[in-house]
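# Structural characterization, general
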Amino acid sequence: MIKLEPLKVKCARLVYKATTDHGDAIFVKVTTPEALKKTFRCLSAAGQCRFLPKIVPLEIPELSGKEYLCLEWIDAKHVNAEDMTDAQADSLLTGYLQFSEAIAQIKDVPARKEEEKAEFFYAQIMQYAKRHPVAAMFIKDLIDIPEELRSCSNHKLVCIHGDFQPLNYGFCGEEFSAVFDFESITYALACEDIAYAFTERARRSSLNDRKRKRLCELFVRCMHNSPWPKDEWMIAINRSRLRIAAHRIAKHPNSPFTAIDVAHRDKYLRKFQNAVFHNC
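As a starting point, this report considers the structure included with it. If you're wondering where the values come from, they're calculated on a predicted model, not measured in any experiment. (Residues numbered from 1 in each chain as written. Predicted model: local features only at pLDDT ≥ 70, side-chain atom pairs only at ≥ 80, totals over all residues. Heavy atoms only, no water.)

If you check helix α3 (residues 118-131), its first and last C-alpha atoms are 20 Å apart, about what 14 residues at 1.5 Å a residue would give, namely 20 Å. The complete set of buried residues in α3 reads Ala 118, Phe 121, Tyr 122, Ile 125, Tyr 128 and Ala 129. Buried residues of α3 fall within an arc of 120° about the axis and therefore sit on the same side. As for α3, its buried residues are in contact with α4 (140-143), α7 (230-251) and α8 (258-278). (Helix = DSSP H or I, 4+ residues; strand = E, 2+ residues; numbered from the N terminus. Expected span 1.5 Å × (residues − 1). Buried < 20%, exposed > 50% of the residue type's maximum accessible area, 1.4 Å probe, protein only. Arc of directions from axis to C-beta. Contact = heavy atoms within 4.5 Å.)

As a further point, take the environment of Leu 63. By the element assignment, Leu 63 lies in the loop between α1 (33-46) and β4 (68-72). Among all residues touching Leu 63, those that are not within four sequence positions of it are Leu 4, Tyr 16, Val 28, Val 30 and Tyr 68.

Now for the pattern of salt bridges. According to the stated counting rule, one finds 22 salt bridges in the structure shown. With a closest N to O distance of 3.5 Å, Arg 221 and Asp 86 form a salt bridge. Of this pair, Arg 221 sits in helix α6 (residues 209-225) while Asp 86 sits in helix α2 (residues 86-103); the two residues are 135 residues apart in sequence, bridging distant segments of the chain. With a relative accessible area of 33%, Asp 86 lands in the partly exposed category. Of the charged contacts in the structure, one is a salt bridge between Lys 140 and Asp 144, with a shortest N-O distance of 2.5 Å. What you see here is one network of salt bridges that share partners, running through Asp 86, Asp 90, Arg 214, Glu 217 and Arg 221. (Salt bridge = Lys/Arg side-chain N within 4 Å of Asp/Glu carboxyl O.)

Moving on, we come to the packing of α6 against α8. The interhelical angle for the contact between α6 and α8, taken along N-to-C directions, is 50°, at an axis separation of 9 Å. Comparing their axes, α8 and α6 come out oblique. The crossing of α6 and α8 is right-handed. Contacts between α6 and α8 pair Arg 212, Leu 215, Cys 216, Phe 219, Val 220 and Met 223 from the former with Tyr 268, Phe 272, Ala 275, Val 276 and Phe 277 from the latter. (Axes fitted to C-alpha atoms, helices over the stretch in contact; angles between N-to-C directions. Parallel < 35°, antiparallel > 145°, perpendicular 65-115°, else oblique. Left-handed = near helix turned anticlockwise from the far one by under 90°.)

This part covers the pairing of strand β6 (residues 169-172). Sheet analysis places β6 next to strand β7 (residues 175-179), joined by four bridges and oriented antiparallel. Note that in β7 the partner of Tyr 169 across the bridge is Val 179. (Pairing = 2+ DSSP bridges.)

This brings us to the packing of helix α5 (residues 192-202) against α7. Where α5 contacts α7, the two axes come as close as 9 Å, and the packing angle between them is 50°. With respect to α7, the element α5 is oriented oblique. As for how α5 packs across α7, the hand of that crossing is right-handed. Judged by residue contacts, Glu 192, Ile 194, Ala 195, Tyr 196, Thr 199 and Glu 200 of α5 engage Trp 233, Ala 236, Ile 237, Arg 239, Ser 240 and Arg 243 from α7. A per-class count over the contact of α5 with α7 returns six nonpolar, two polar and four charged. (Nonpolar A, V, L, I, M, F, W, Y, C, P; charged D, E, K, R; others polar.)

Right, let's get into the sheet that holds strand β3 (residues 25-30). What the four strands build is an open sheet, ordered β1-β2-β3-β4; its pairing is antiparallel. The sheet is open, and its two borders are formed by β1 (3-6) and β4, each paired with just one other strand. Strand-to-strand, the axes of this sheet are offset by a mean angle of 30°, without reference to chain direction. Inspection of the sheet shows β1 paired to strand β2 (residues 15-19) by four bridges, in the antiparallel sense. In the strand pairing of β2, Pro 6 is matched with Tyr 16.

The next point concerns α8. Helix length check: α8 (21 residues) gives 30 Å between terminal C-alpha atoms against 30 Å at 1.5 Å per residue, within 8%. Taking the largest bend as the criterion, α8 deviates by roughly 35°, centred on Lys 267. Restricting attention to buried positions, one finds in α8 the residues Thr 258, Ala 259, Val 262, Asp 266, Tyr 268, Leu 269, Phe 272, Gln 273, Val 276 and Phe 277. Buried-residue contacts for α8 involve α3, α4, α5, α6 and α7. (Bend = angle between axes of the 7 residues up to and from the residue.)

Set out below in structure tokens:
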């Protein structure tokens, strides 16, 4: 008998906590055949990395007819980037470097799709600007991002997690302890995962000034302690800015007022970027 308990987390797919007769807890995720194969391949190739859960062979009658993934349950606390302690930020970077070495063993990692590249996002923004030349003045800061600060074409790409937002990693006390969800693994700049953990928080209007200041301090700490060059961190932030803007434009491509909305959304990341590199 397996007890299946839905998890109340923001996830695109159904996730559960399964408990076996022996009291063992298992993480269960309903997914697609393609994602299932990709996750199995990634976890198997990455080896015995201490941050990765082990695959659990478990049949769940209640999910018969569906594709699902069973992994060992890892107790880890989700911590938003702005709420990390200095020790947690240091452990995040140190642990991520170990995780990065493990996933470097994975073969046949898919390249980033064209529609998810910064060049594609920038092209979408430029097309909008040509259709709405007056409105384009509101998004001049995005249009003026030079190619060398938004393109990865002249930089080394490595295997990254691809969706390194706070729900996909966790801590045990002060120590970085787990990484979750491997469906988005791809090739990109080595710093993009850590940058994404911060930009996904920096873009939110709900953060107060104190938390924004703390977010910048921790980002600068990670950046200074990392082995990655400053220009690649800049590219990573600009990719987030362009992605958010392009996705918004795609929803409302024919309205000149979209530019005002995009500018409003971009200001938080732009201010974050300016604050970070002012302190470098």
